[in-house]
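Architecture at a glance
The chain contents come next:
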Amino acid sequence: MAEEEKQKFSDYIKQRAVCPDQLSSSSHDWLMVADVMTRDVQTITPEKTLTDAAKIMAEKKISCMVVTDGDAVKGIVNVSDLPEIIVSKGDQLKDLTVGDVVNENIAGIEPDISALNASVILENEGIKSLPVCKDDELVGVITQTDIFKAIKKSLHAEEEKHFDLLEKSKSSIFTTDQNGVITYVNPTVMLLLDNTDR
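Anyway, here's the lowdown on the structure attached to this text. All of these numbers come straight from a predicted model, not from anything done at the bench. (Residues numbered from 1 in each chain as written. Predicted model: local features only at pLDDT ≥ 70, side-chain atom pairs only at ≥ 80, totals over all residues. Heavy atoms only, no water.)

**Regarding the overall build of the chain**
The test is simple: Numbered from the N terminus, helices here are DSSP runs of H or I no shorter than four residues, and strands are runs of E no shorter than two. Buried means the residue's accessible area, taken with a 1.4 Å probe over protein chains only, is under 20% of the maximum for its type, while exposed means over 50%, and partly exposed covers the values in between. We call two residues contacting when some pair of their heavy atoms lies within 4.5 Å. In these tables, accessible area is a Shrake-Rupley quantity obtained with a 1.4 Å probe, and a residue counts as shielded only by the protein chains included in the view.
Summing up its helical and strand segments, the chain has eight helices and seven strands in all. Classification of the 198 residues of the chain by burial places 30% in the buried group. Taking the intrachain contacts of the chain between residues at least 6 apart in sequence as the baseline, contacts between residues at least 24 apart amount to 57%. Surface exposure of the chain reaches about 12900 Å², of which carbon and sulfur atoms provide 51%.

This is the structure:
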């Protein structure tokens with residue numbers, strides 16, 4: 001891979017990571033890549049066949065593998081890339097190696113940027129996953145699914161916390177969910193309504 005292409009990608013990541021105006025204005029503290037990433041990373045070397053890669057991903061039920069040559073991260077191969085490769089290189093499929101198809105223009109991201117920034121990078125680059133590197137050492141991999149699950153879990157925990165506060169509050173009357181269904185009514189209000197009916 002051309003070093004200048006890898007540098008462009010690295011510069012792009014740094015630019016995204018230091019643009020606070022791109023972040024949500026929510027007071028919610030966004031999770032960092034280190035909190036979300038998968039640490040148990042499956043790697044494969046460039047000389048392995050694409051068939052080998054497909055078999056490993058199917059057996060381990062994983063969506064991607066980081067391509068490494070020694071300690072150097074060379075790129076990433078995603079299971080979602082396989083259909084397009086099969087269609088375009090079908091007659092050569094048996095002889096294709098991981099090195100023939102890996103996207104080497106993908107540099108690793110640092111674990112200390114926000115998961116939201118990582119999500120923006122994945123979306124803008126049209127990719128499904130990224131290797132996570134610290135001081136040029138592979139420490140994990142992050143996927144769109146990892147980010148989605150983590151944010152969903154975080155939002156659910158925040159919702160539970162707010163619901164708990166509402167239940168303990170003496171001033172709130174009722175709360176509704178996103179569909180307008182009443183999910184909580186203050187017991188004091190219910191007592192007041194009962195007394196009014198009499």
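**Details of the sheet that holds strand S3 (residues 72-78)**
To summarise the sheet geometry, strands pair through backbone hydrogen bonds and adopt either a parallel or an antiparallel arrangement. Note the cut-off: Between any two strands, pairing holds if DSSP finds at least two bridges. Every angle, taken between N-to-C directions, lies between 0 and 180 degrees, and every axis is a line fitted to C-alpha atoms, over only the stretch in contact when it is a helix.
Reading across the sheet, the three strands line up as S1-S2-S3 and stay open at both edges, with mixed pairing between neighbours. A single partner strand is all that each edge strand has here, and the edge strands are strand S1 (43-44) and S3. Pairing of strand S2 (residues 64-69) with S3 involves six bridges; the strand directions are antiparallel. The partner of Thr 68 across the bridge, within S3, is Val 73. Taken strand by strand, helix H3 (residues 50-60) contacts S1, S2 and S3, and its axis lies near 135° from that of S2.

**Some points on unusual backbone geometry**
Positive phi outside glycine occurs at Lys 61, with the angle close to 55°. Summarising the element assignment, Lys 61 is placed in the loop between H3 and S2.

**Focus: a negative patch on the surface**
Counted only if it meets this: Residues enter patches when their relative accessible area tops 30% and they take part in no salt bridge; the joining distance is 9 Å for like charges and 5 Å for the nonpolar side chains Val, Leu, Ile, Met, Phe, Trp and Tyr. By salt bridge we mean one thing: a side-chain nitrogen of Lys or Arg within 4 Å of a carboxyl oxygen of Asp or Glu. Positive charges come from Lys and Arg alone, negative charges from Asp and Glu alone, with His and the N- and C-terminal ends not counted. A charge is said to be at NZ when it belongs to Lys, at CZ for Arg, at CG for Asp and at CD for Glu.
The grouping of Asp 71, Glu 110, Asp 112, Asp 135, Asp 136 and Glu 137 at the surface amounts to a negative patch. Examined against the element boundaries, Asp 71 turns out to sit in the loop between S2 and S3. Residue classification places Asp 71 among the exposed positions, given a relative accessible area of 72%.

**Digging into the nonpolar core**
This is how it is decided: Here the nonpolar core consists of buried residues drawn from Ala, Val, Leu, Ile, Met, Phe, Trp, Tyr and Cys, with membership extended through side-chain atoms lying within 4.5 Å.
Counting 16 residues, the largest nonpolar core has Val 33, Ile 109, Leu 130 and Ile 142 as its most contacted members. The set of elements that each furnish at least two residues to this core consists of helix H2 (33-36), helix H6 (115-125), strand S4 (129-134) and helix H7 (144-168). In terms of residue count, H6 provides more of this core than any other element does, four residues in total. Ignoring any residue separated from it by four or fewer positions in sequence, one finds Val 33 in contact with Ile 109, Glu 110, Pro 111, Ile 113, Ser 114, Ala 115, Ala 118, Val 132 and Ile 142.

**Some thoughts on the side chain of Thr 68**
Considering the arrangement of structural elements, one finds Thr 68 in strand S2. Beyond its immediate chain neighbours, meaning those up to four positions away, Thr 68 contacts Thr 43, Ile 44, Thr 45, Pro 46, Val 73, Lys 74 and Leu 138.

**A word on the environment of Met 57**
In this fold, Met 57 is placed in helix H3. Residue classification places Met 57 among the buried residues on the basis of a relative accessible area of 2%. Through-space distance from the C-alpha of Met 57 to that of Val 79 is 7.2 Å; in sequence the pair is 22 residues apart. Those residues in contact with Met 57, other than ones at most four positions away along the chain, are Ile 62, Ser 63, Cys 64, Met 65, Val 77, Asn 78, Val 79 and Leu 82.

**Some details on the environment of Leu 122**
Topologically, Leu 122 is positioned in helix H6. In this structure, the C-alpha to C-alpha distance between Leu 122 and Thr 143, residues 21 residues apart in sequence, is 8.3 Å. Discounting residues that sit within four places of it in the chain, Leu 122 has contacts with Ile 127, Lys 128, Ser 129, Leu 130, Thr 143, Gln 144 and Ile 147.

**Focus on H3**
Given 3.6 residues per helical turn, the α-helix brings residues three or four places apart onto the same face. Rule in force here: Directions are taken from the helix axis to each C-beta atom, and the arc is the one they span.
Three or more residues of H3 are buried, namely Leu 50, Ala 53 and Met 57. For H3, the angular spread of buried residues about the axis comes to 55°, placing them on one side. Turned more than 90 degrees from where H3 packs its buried face, Ala 58 and Glu 59 sit exposed. One or two steps after H3, the chain reaches Lys 61, where phi turns positive at roughly 55°.

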